[in-house]
Amino acid sequence: MNKKTALITGASRGIGAAIARRLADDGYNIVLTCRSGLEQADAVAADCQAMGAETLVLSGDCSLPEVCKGWVAEAMSKFSRLDVLVHNAGITKDGLLMRMTDEQFDEVLHTNLYSGFYLSREAAKPMMKARSGRVIHISSIAGVFGNAGQVNYAASKSGIIGLAKSMAKELGSRGVTVNAVAPGVIETDMSDTIPDDIKQKMLTNISLGRMGRADEVAGLVSYLASDIAGYITGQVIVMDGGMF
């Protein structure tokens, strides 16, 4: 049986790794991409293989269009199909507006937003041809509500939402759904860098009184990738524990 294939960016750790493992458990073959942490990505791939998935690990800078084009080409070469794209790769370069450099703004926009465009453009080709596919962009509550000290990150994640909604309108007639997931504060390496006092202040504003888990985000992605979610497209699903 020709198993479905999912490509996940930023898959070496955190949310991306959790998504890779969940989709492997769902029965997909998995393409894991990362810019660094290749050993970590290999370890995640080994976990996926233990669940019966064939895997392909690719590394490179997703802010470069030729890298994204190459990733999709290699995925198609190995598996002959691409059913799910999860654009999860993202970085932060926080700072107040008046102190933020052009380089800080550009790097975050290119890594977080431009890569989503490059990958979507390439992945859409085989999906449209197959008249089936799922594109799931990982945005952020910062992209929905904004966040002080993160004008670059919030702009990139807001841009992802516009990208997803516009793609949904363009690709729907070919059976391809496109959605965005906007997580709140999730327990990852990125959240570990938040000072404890700020973290505690955040928790007081979260109705559930805790941070989210990467596997919870992966569960939502699993649903959006499934056949049963075939009538959901162009949506932004916020999962922030009731923070906003």
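Residues numbered from 1 in each chain as written. Predicted model: local features only at pLDDT ≥ 70, side-chain atom pairs only at ≥ 80, totals over all residues. Heavy atoms only, no water.

Chemist: Give me the lowdown on the overall build of the protein, citing residues and values where you can.
Modeler: When helices and strands are counted, the protein shows nine helices and seven strands. The C-alpha atoms of the protein give 17 Å as radius of gyration, which agrees with the globular expectation for 244 residues (18 Å, within 12%). Each principal axis of the C-alpha distribution contributes one length, and for the protein these read about 50 × 35 × 35 Å. Looking at the protein residue by residue over its 244 residues, the buried ones come to 50%. Of the contacts formed within the protein by residues at least 6 apart in sequence, a portion of 74% connects residues at least 24 apart. Of the charged side chains in the protein, 24 are positive and 26 negative; the average position of the first set lies 8 Å away from that of the second. (Helix = DSSP H or I, 4+ residues; strand = E, 2+ residues; numbered from the N terminus. Rg over C-alpha atoms; globule rule 2.2 N^0.38 Å. Buried < 20%, exposed > 50% of the residue type's maximum accessible area, 1.4 Å probe, protein only. Contact = heavy atoms within 4.5 Å. Lys, Arg positive; Asp, Glu negative; His and termini not counted. Charge placed at Lys NZ, Arg CZ, Asp CG, Glu CD.)

Chemist: Let's hear about the nonpolar core: which residues, and what values?
Modeler: The biggest cluster of nonpolar side chains holds 31 residues, and the ones touching the most others in it are Val-31, Leu-85, Met-127, Val-135 and Val-178. Those elements that place two or more of their residues in this core are β3 (55–59), α3 (65–79), α4 (102–130), α6 (151–171) and β6 (176–183). Residue contributions to this core peak at seven residues, all from α4. Apart from residues lying up to four places away in sequence, Met-127 is in contact with Leu-82, Asp-83, Val-84, Leu-85, Ser-132, Gly-133, Arg-134, Val-135, Arg-174 and Val-176. If you look at the next biggest cluster of nonpolar residues, it comprises 30 residues, including Leu-23, Cys-48, Ile-138 and Ile-186. (Core = buried A, V, L, I, M, F, W, Y, C linked by side-chain atoms within 4.5 Å.)

Chemist: An account of the layout of surface pockets is requested, with residue identities and associated values reported.
Modeler: The space that makes up the second largest pocket amounts to roughly 150 Å³. Taken together, Phe-117, Ser-120, Arg-121, Ala-124, Leu-163, Ser-166, Met-167, Glu-170 and Leu-171 make up the lining of the second largest pocket. The set of elements that each furnish at least two residues to the lining of the second largest pocket consists of α4 and α6. The dominant element in the lining of the second largest pocket, judged by the number of residues it contributes, is α6, at five residues. For the lining of the second largest pocket, the class distribution of residues is five nonpolar, two polar and two charged. (1 Å grid on protein atoms, 1.4 Å probe; cavity = no way out; pocket = protein on both sides within 12 Å on 5 of 7 lines; lining within 4 Å. Points joined across faces, edges and corners; volume = space filled by probe spheres on them. Nonpolar A, V, L, I, M, F, W, Y, C, P; charged D, E, K, R; others polar.)

Chemist: Explain the pattern of salt bridges to me, using residue names and the numbers behind them.
Modeler: Pairing is possible between side chains of opposite charge, provided their charged atoms come close. This model, assessed by the stated rule, comprises ten salt bridges. Residue Arg-81 is joined to Asp-83 by a salt bridge in which the shortest nitrogen-to-oxygen separation is 2.8 Å. Residue Asp-83 is classed as buried on the basis of its relative accessible area of 11%. A salt bridge links Arg-121 to Glu-122; the nearest nitrogen and oxygen atoms lie 3.9 Å apart. Here the residues in one salt-bridge network are Arg-210, Arg-213, Asp-215 and Glu-216, joined through shared partners. (Salt bridge = Lys/Arg side-chain N within 4 Å of Asp/Glu carboxyl O.)

Chemist: Talk me through unusual backbone geometry; I want residue IDs and the actual numbers.
Modeler: A positive phi is found at Ser-80, a non-glycine position, where the angle reads about 65 degrees. Inspection of the secondary structure puts Ser-80 in the loop between α3 and β4 (84–87). Not every positive phi belongs to a glycine, and Arg-131 is a case in point at roughly 55 degrees. Among the secondary structure elements, Arg-131 is positioned in the loop between α4 and β5 (133–138).

Chemist: Talk me through the packing of aromatic side chains; I want residue IDs and the actual numbers.
Modeler: Within this structure, the stated rule accounts for three aromatic pairs. Geometrically, the ring pair formed by Tyr-114 and Tyr-118 is edge-to-face, given 6.3 Å between the ring centres and 80 degrees between the ring planes. Of this pair, Tyr-114 and Tyr-118 both sit in helix α4, four residues apart, which is roughly one turn of the helix. Accessibility expressed as a relative area gives 12% for Tyr-118, which makes it buried. Linked through ring pairs, Tyr-114, Phe-117 and Tyr-118 together constitute an aromatic cluster. (Phe/Tyr/Trp six-rings, centres within 6.5 Å; stacked < 30°, edge-to-face > 60°.)

No statement about biological role is implied by the geometric values presented.
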